[in-house]
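Architecture and fold: a report
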Amino acid sequence: MIHNISYRAFVYGTENKEKVLESIKTLFPNSSPQIEETEGYYKNPVLILSNKIDKKSEIKDFVKKLSTLNVYSRKRILNRLEDKIDESGNLFLRFDKQRAYLGDLKVVDHGDSIHLKIKIAAYPAKKKVAIEIARKLFE
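This section reports on the structure supplied with the text. Note that this is a predicted model, so its numbers are computed, not measured.

This part is about the packing of aromatic side chains. Evaluation of the coordinates by the stated rule reveals 4 aromatic pairs. Between Phe10 and Tyr12, the ring centres sit 6.2 Å apart and the planes meet at 20 degrees, which makes this aromatic pair stacked. Classification of Phe10 by relative accessible area gives buried; the value is 19%. The interplanar angle of 20 degrees and the centroid separation of 5.2 Å between the aromatic rings of Phe28 and Phe62 together place this pair among those described as stacked. With Phe28 in the loop between helix H1 (17-27) and strand E2 (34-39) and Phe62 in helix H2 (residues 56-66), the pair connects residues that are 34 residues apart, well separated along the chain. You'll find Phe28 and Phe62 in the same group, each marked buried. Grouped by ring-pair contacts, the aromatic residues Tyr7, Phe28 and Phe62 constitute a single cluster.

In structure tokens form, the structure reads like this:
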């Protein structure tokens, strides 16, 4: 159902890197993100934590986590699949960093989150096919 998952989270100067790493561990317990140092608009330090998950066992664990989402979150995703999947079959989701730190997965639209790009295993790799496969993940 899923080829791979890429994620990215920003750690701003006012945030604790260890807490953001812990948030990521809620989604991907075995992942060790790469850390890129950059600076924000006002020259403040920003870290970008990112990685790509392609091990079948880790993807399977992530799919299990998706099945624990509450009914509201699942319906929200299902209702917006058309907007959240691109023409190449990538599903884009965001999870709240603070809630993930507390062990709770909440799908959000704001930028201060853990950004996921989920490559749906669709044959042929078309949006319509990817939507149908993604639907099965959240129903």
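Counting residues in hydrophobic clusters, the biggest one holds 38 residues, and the most contacted among them are Ile5, Phe28, Phe95, Leu116, Ile118, Ile120 and Phe138. With 6 residues, the top contributor of residues to this core is helix H6 (residues 127-138). The residues touching Leu116, leaving out its near neighbours within four places in the chain, are Ile5, Ser6, Tyr7, Leu27, Phe28, Phe62, Leu91, Phe92, Leu93 and Phe95.

Take the sheet that holds strand E1 (residues 2-12) next. Pairing is antiparallel across the open sheet formed by 5 strands, whose spatial order is E2-E3-E1-E5-E4. Two strands in the sheet have a free side with no partner beyond their single neighbour: E2 and strand E4 (90-96). When the angles between neighbouring strand axes are averaged without regard to direction, this sheet yields 20 degrees. Pairing of E2 with strand E3 (residues 45-53) involves 6 bridges; the strand directions are antiparallel. Counted as the bridge partner of Ile35 is Leu49 from E3. Here H6 sits on the sheet in contact with E1, E4 and strand E5 (113-120), set at roughly 120 degrees to E5.

Let's shift gears to the environment of His110. Here His110 shows up in the loop between helix H5 (97-101) and E5. Overall, the relative accessible area of 35% leaves His110 in the partly exposed class. As for His110 and Tyr123, which are separated by 13 residues in sequence, their C-alpha atoms are 31 Å apart. Leaving out residues up to four positions away in the same chain, His110 has contacts with Arg94 and Asp96. At a separation of 3.2 Å, a polar atom in the side chain of His110 contacts the side chain of Asp96. At 3.3 Å, the side chain of His110 forms a polar contact with the backbone oxygen of Asp112.

Let us look at the pairing of E3. The pairing of E1 with E3 spans 8 bridges and is classified as antiparallel. Each residue of the ladder has a partner; that of Ile5, found in E3, is Ile53. Here E2 folds back onto E3, and the loop between the two strands holds 5 residues, one of which, Lys43, carries a positive phi near 70 degrees.

The rules behind each value
Residues numbered from 1 in each chain as written. Predicted model: local features only at pLDDT ≥ 70, side-chain atom pairs only at ≥ 80, totals over all residues. Heavy atoms only, no water. Phe/Tyr/Trp six-rings, centres within 6.5 Å; stacked < 30°, edge-to-face > 60°. Buried < 20%, exposed > 50% of the residue type's maximum accessible area, 1.4 Å probe, protein only. Helix = DSSP H or I, 4+ residues; strand = E, 2+ residues; numbered from the N terminus. Core = buried A, V, L, I, M, F, W, Y, C linked by side-chain atoms within 4.5 Å. Contact = heavy atoms within 4.5 Å. Pairing = 2+ DSSP bridges. Axes fitted to C-alpha atoms, helices over the stretch in contact; angles between N-to-C directions. Polar contact = N/O pair within 3.5 Å; in protein donor to acceptor, adjacent residues only side chain to side chain.

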